[in-house]
Amino acid sequence: MYSDLRFAARIWRRRPLVAAAAVLTLALGTGANTAIFRVIYAVVLKPLPYAESQRLVQVWSADRDPNAPRTLSNPNKRLTRAATIDEWRKLSNPFAEMGSYNSWEYTLSGDGEPERLTAVVVSPGVLPVLRIQPSLGRAFTDQEYVTGKEHAVILSDHLWRRRFAADSSILGRSITLDGYPYAVVGVMPAGLRLQAASLPEDPDIYTPYASAGSGALRPESGYVIGRLKPGVTLAAATSAMEALALRTQHERVRRGINLVPLADEVASGLRPALVVLFAAAGCVLLIACANLANLMLAQAAARRQELAIRAALGASRARLARHLLAECFALAALGAALGIAFSHWMVKAFVALYPQRIPRLAASGAEPAVFTFTLLVAAVTAILFGAFPAWRFSRPAISGTLREARHGSAFRGLLVVAQVAAAVVLLTGAGLLLRSFQLQHAIDPGYSRSNLLIAQLWLPDKVYNTPERQARFASELLDRVRSLPAVQSAAITNCLPIVMHILVGVDVKVPGGPASASGENAPFVRAVTPGYFQTLGIGLLAGRYLEPRDDNGGAVVVNRTFASRYFGDSSPVGRRMQFSIRGKQHEVEVVGVVPDTRDLKLQVQAQSEFYVAFASQPWSFQDLAIRTAADPGQVAKALRVELAAVDRNLPLGPVGRMEKVLSNSVAMPKFDATLVGTFAALALLLAAVGIYGVIAYSVSLRTREIGIRVALGARPGDVVRMVLRRGLMPPLAGLAVGIPLALAATRALASLLYGVQPVDATTYAAVSAVVFATSVVAAWVPARRAMSVDPMAALRCE
């Protein structure tokens, strides 16, 4: 085999252009598959960076209805009683340790500029579950988990180095978070990355739930995680927890228990996109193999005389096949080496394009599993594109007979059929994703997105501990912002659309209306300052907007969906309604109706919603909206100055344009359409090259026939039609095969589509037209060459 590989190297050195084209084609196919596998391995297959991570599970509640699907619950369905969690920890249960955690944000003030920090808030048991210990200092004590006893914090290594210059004397000192002093008790290890549901991967700090700054959080609102006892299976743990839940919560809770391995939970959001991309990359590689098989057939056919001489000198069929396969493996090895280099660039491009944080990918590197996968792909591709040429041309009695030409042409035609079919599947998927993205991008959000600057603010509870102080801060900041030269209008709310700071569902009662809805079906209430609707460009359907005279909380404005749901066809303006919020009942008058706005996502239908005056229901979470006359970027710097004038200890949260926020809301569909579309375009290009190669080779084999036809009076147009008619039969057959395959394959995209069905006729018609037009173009060049055949030259050649 070594001598065969040396000879293969000499063969390809004599054909550098052919070898370069083959290696580049393989590098693209292998590199794309390796890049996607690197992401899949890092996110899905690689064990979590915790000791005995296979025993870690996420604990969710699930509907006890036997007909309900056993899927992951959303955060609104997570376990909701701290007392229950404490009971479970004390009673016999399948967990060695369990606890509750959540994410939070704090304002760090004092020395230096104020800044917003991301935090992980934990209950007892969470750090032992994950087997995490500070590298400097200690973990939290039992007293620090008790409300009102201590205020303790553990710093991350990167915050310790960046903000405190890696000063080891920080232990025992206090830092100010949300206006409260916190004693620094430890520093987490460098490079620690958390892997759990809804956690920041690189938090700045860790605090107990008991800390005053996290007063809005309770362990019962957190996410529950546990470490199974040794030898306990997931099924056994689920059964045990079901029985324990019934024992501790009785009939009050209608939900059961759903245990999900932590590794599955971390990767759950990425799986659909990764499966689609891996399948797309695999299709591209198969099309590339088909092209290379055609190339190897042509190369072997050109060497018939050499192979016949080898056979006459005693070379066995197995020896000749091994020799031809060695040439394929040489190309595959070079393609794999270049593909690994390409995969590093492709992964970077993937991460740059992916609109969300990819968990665990930052810690991935040159894994042995990745190299093993690449070598396996190289071996499989070498066999795929080299097996038939090796089998066909390794026969001892090799000759340039018409029978060989017919058999070879038939196989090449089948390869073209397979290429076109695979390209049709990819193009159809890309077309559906593109149409879905276009429909989502065209959704009217219900407000004007141009020249709208948004910013987020968090008021610390210690300083702004009363509704009056929160409302006064909003009023002072708005007065200053509205005085800026480029500002047309400004407003504050507890939750801007799409930004989703905090949107609260409340119980509502309307005399003569439907029964009050609660829980997930409850209407949303949004607190807004006067000028909110004008600033966002939300129109008025009936009545009037909220005005300063409504600051006492006696008036509300409802959206169209709310009006239709609670008031039917009658006008709600002037009608009375009641709602309950923060433990208080309020009776108000409806003074206006506005259009619906998309609050959660552009793709999610509008919810029932009403607006109250911010002065009557102020919040410490405040979103600022500013409508500018010019570029919103000019206002951002001035905004920081005005905020410092009101409170120099407050950091300004993320500042951005509403256009960017809305664009980010459809970034995932855009990402899917872009990558699958890129693979589809590459597949179509490779298929076109394959069509061109097969027809060009067929024309070269039929040169004498074409010369005779021309000599007997065939016109150039007749020759072109003959070549096109025969040359387009494989692409048309591939189209006929590809459409049913696409109908079956694109059903897997149903969860990624919006407003378009997997059987969309427009997409299939467009794909068919593109594939047919590409096939005609690819076939036209060799057809024109056949038209120019000189009959005398062709006959002399024979």
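Please read these numbers as outputs of a predicted model, since none were measured by experiment. (Residues numbered from 1 in each chain as written. Predicted model: local features only at pLDDT ≥ 70, side-chain atom pairs only at ≥ 80, totals over all residues. Heavy atoms only, no water.)

A. Spotlight on the overall build of the protein. For the protein, the helix and strand inventory stands at 23 helices and 22 strands. Burial statistics for the protein: of 798 residues in total, 51% are counted as buried. The long-range share in the protein, meaning contacts at least 24 apart out of those at least 6 apart in sequence, stands at 81%. In the form shown here, the protein has an accessible surface area of approximately 35300 Å², with 58% of it arising from carbon and sulfur atoms. (Helix = DSSP H or I, 4+ residues; strand = E, 2+ residues; numbered from the N terminus. Buried < 20%, exposed > 50% of the residue type's maximum accessible area, 1.4 Å probe, protein only. Contact = heavy atoms within 4.5 Å. Areas by Shrake-Rupley, 256 points an atom, 1.4 Å probe, with all protein chains shown as cover.)

B. Quick look at the side chain of Asp623. Counting through the fold element by element, Asp623 comes out in strand S21 (residues 621-628). Of the side chains bearing the opposite charge, Arg526 lies closest to the buried Asp623, which forms no salt bridge; the N-O distance is 7.3 Å. Polar contacts involving the side chain of Asp623 include one to the main-chain amide nitrogen of Leu496, which spans 3.0 Å. (Lys, Arg positive; Asp, Glu negative; His and termini not counted. Salt bridge = Lys/Arg side-chain N within 4 Å of Asp/Glu carboxyl O. Polar contact = N/O pair within 3.5 Å; in protein donor to acceptor, adjacent residues only side chain to side chain.)

C. Looking closely at the packing of aromatic side chains. Throughout the structure, instances matching the rule amount to 16 aromatic pairs. Judged by centre distance (4.1 Å) and plane angle (5°), the rings of Phe37 and Phe373 are stacked. Here Phe37 is found in helix H2 (residues 16-45), whereas its partner Phe373 is found in helix H11 (residues 368-392), with 336 residues between them in sequence. Exposure class is identical for Phe37 and Phe373. Each is buried. Ring plane angle 70° and centroid distance 5.4 Å describe the contact between Tyr464 and Phe473, whose orientation is recorded as edge-to-face. Overall, Tyr464 belongs to the buried group, its relative accessible area being 10%. Phe473 gets classed as buried once you look at its relative accessible area, which sits at 2%. Every member of this aromatic cluster is reached through a ring pair, and the members are Phe562, Tyr566, Phe567, Phe579 and Phe610. When the ring centre of Tyr180 is taken as reference, the NZ or CZ atom of Lys462 above it lies at 5.5 Å. Here the basic side chain of Arg582 rests over the ring of Trp619, its NZ or CZ set 3.9 Å away from the ring centre. (Phe/Tyr/Trp six-rings, centres within 6.5 Å; stacked < 30°, edge-to-face > 60°. Lys NZ or Arg CZ within 6 Å of the ring centre and 35° of its normal.)

D. Spatial organisation of unusual backbone geometry. Phi at Arg131 is positive, roughly 55°, even though this residue is not glycine. Mapped onto the elements of the fold, Arg131 is located in the loop between helix H4 (126-130) and strand S4 (136-137). Positive phi, normally seen in glycine, also occurs at Asp178, with a value near 55°. You can see Asp178 is positioned in the loop between strand S6 (174-177) and strand S7 (180-187). Among the residues examined, Asp178 registers a relative accessible area of 7% and is labelled buried.

E. Expanded view of the pattern of salt bridges. Within this structure, the stated rule accounts for 16 salt bridges. A salt bridge links Asp178 to Arg116; the nearest nitrogen and oxygen atoms lie 3.7 Å apart. In this pair, Asp178 is assigned in the loop between S6 and S7 and Arg116 in strand S3 (residues 115-122), connecting sequence segments 62 residues apart. One salt bridge in this structure joins Glu589 and Arg576, with 3.9 Å as the shortest N-O distance. Here Arg576 lies in strand S18 (residues 576-581) and Glu589 lies in strand S19 (residues 584-594), a separation of 13 residues in the sequence. We classify Glu589 as partly exposed; its relative accessible area is 30%. Linked by salt bridges that have partners in common, Glu52, Arg55 and Arg131 make up one network.

F. Examining the packing of helix H13 (residues 467-482) against helix H16 (residues 633-646) more closely. In the contact formed by H13 and H16, the axes pass within 10 Å of each other and the chain directions differ by 140°. By the criterion of interaxial angle, the relationship of H13 to H16 is oblique. For the element pair H13 and H16, the recorded crossing hand is right-handed. Residues Phe473, Glu476, Leu477, Arg480 and Val481 of H13 pack against Leu639, Glu642, Leu643, Ala645 and Val646 of H16. (Axes fitted to C-alpha atoms, helices over the stretch in contact; angles between N-to-C directions. Parallel < 35°, antiparallel > 145°, perpendicular 65-115°, else oblique. Left-handed = near helix turned anticlockwise from the far one by under 90°.)

G. Expanded view of the environment of Val635. Following the sequence through the fold, Val635 ends up in helix H16. With 150 residues separating them along the chain, Val635 and Pro485 place their C-alpha atoms 9.0 Å apart. Setting aside residues no more than four positions away along its own chain, Val635 makes contact with Leu453, Leu484, Ala486, Val487, Ile626 and Thr628.

H. Structural context of helix H17 (residues 658-665). Taken together, the buried positions of H17 are Met658, Val661, Leu662 and Ser665. For H17, the angular spread of buried residues about the axis comes to 95°, placing them on one side. (Arc of directions from axis to C-beta.)

I. Structural view of a positive patch on the surface. On the surface, Arg6, Arg10, Arg13 and Arg14 cluster together into a patch of positive charge. One can find Arg10 in helix H1 (residues 2-14). By relative accessible area, Arg10 is classed as partly exposed at 33%. (Patch = residues over 30% accessible without salt bridge, like charges linked within 9 Å, V, L, I, M, F, W, Y side chains within 5 Å. Charge placed at Lys NZ, Arg CZ, Asp CG, Glu CD.)

J. Highlighting the nonpolar core. Counting residues in each nonpolar core, the largest one holds 66 residues, and the members touching the most others are Leu277, Phe350 and Val771. Mapped by element, the contributors of at least two residues to this core are H2, helix H8 (271-302), helix H10 (317-353), helix H12 (402-441), helix H18 (667-701), helix H20 (716-727) and helix H22 (761-787). Looking at this core, the element that brings in the most residues is H18, giving 16 residues. Membership of the second largest hydrophobic core comes to 44 residues, among which are Leu457, Phe562, Val612 and Val646. (Core = buried A, V, L, I, M, F, W, Y, C linked by side-chain atoms within 4.5 Å.)

K. Representation of helix H15 (residues 560-567) within the structure. Along H15, the residues that are buried comprise Phe562, Ala563, Tyr566 and Phe567. An end-on view of H15 places all buried positions within 100° of arc, on one side of the element. Directly beyond the C-terminal end of H15, a positive phi value near 65° is found at Gly568.

L. Layout of a nonpolar patch on the surface. On the surface, Leu286, Leu376, Val380 and Leu384 cluster together into a nonpolar patch covering about 370 Å² of accessible area. A per-element tally of the nonpolar patch places H11 first, with 3 residues. Inspection of the secondary structure assignment puts Leu376 in helix H11.

M. Here's a closer look at the packing of H20 against helix H21 (residues 729-745). Viewed as axis vectors pointing N to C, H20 and H21 meet at an angle of 30°, and their least axial separation amounts to 4 Å. It follows that H20 is roughly parallel to H21 by the angle criterion. Where H20 approaches H21, its residues Arg725, Arg726 and Gly727 are matched on the opposing element by Met729, Pro730 and Pro731. Of the residues contributing to the contact of H20 with H21, the split by class is 3 nonpolar, 1 polar and 2 charged. (Nonpolar A, V, L, I, M, F, W, Y, C, P; charged D, E, K, R; others polar.)

N. Structural context of the pairing of S19. Pairing between strand S16 (residues 542-543) and S19: 2 bridges, direction antiparallel. Bridge assignment links Ala542 to a residue of S19, and that residue is Val593. As paired strands, strand S17 (residues 555-559) and S19 are joined by 5 bridges and run parallel to one another. Considered in S19, the bridge of Val557 is made with Gly592. Between the end of S18 and the start of S19, which pair antiparallel, lie 2 residues, with Arg582 showing a positive phi angle near 55°. (Pairing = 2+ DSSP bridges.)

O. Fine view of the environment of Pro189. Summarising the element assignment, Pro189 is placed in the loop between S7 and strand S8 (205-208). Residues Pro189 and Ile132, spaced 57 residues apart in sequence, show a C-alpha to C-alpha distance of 8.8 Å. Not counting chain neighbours up to four residues away, the residues in contact with Pro189 comprise Gln133, Pro134, Ser135 and Asp157.

P. Spatial organisation of the confidence of the model for the protein. Averaged over every residue, the pLDDT of the protein is 81; the share at 70 or more is 84%. Counting contacts from residues 64-83, a segment whose pLDDT is below 50, to residues more than four positions away or on other chains yields 54 contacts. The low-confidence segment residues 250-254, where pLDDT is below 50, has 6 contacts with residues more than four positions distant or belonging to other chains. (pLDDT = per-residue confidence, 0-100.)

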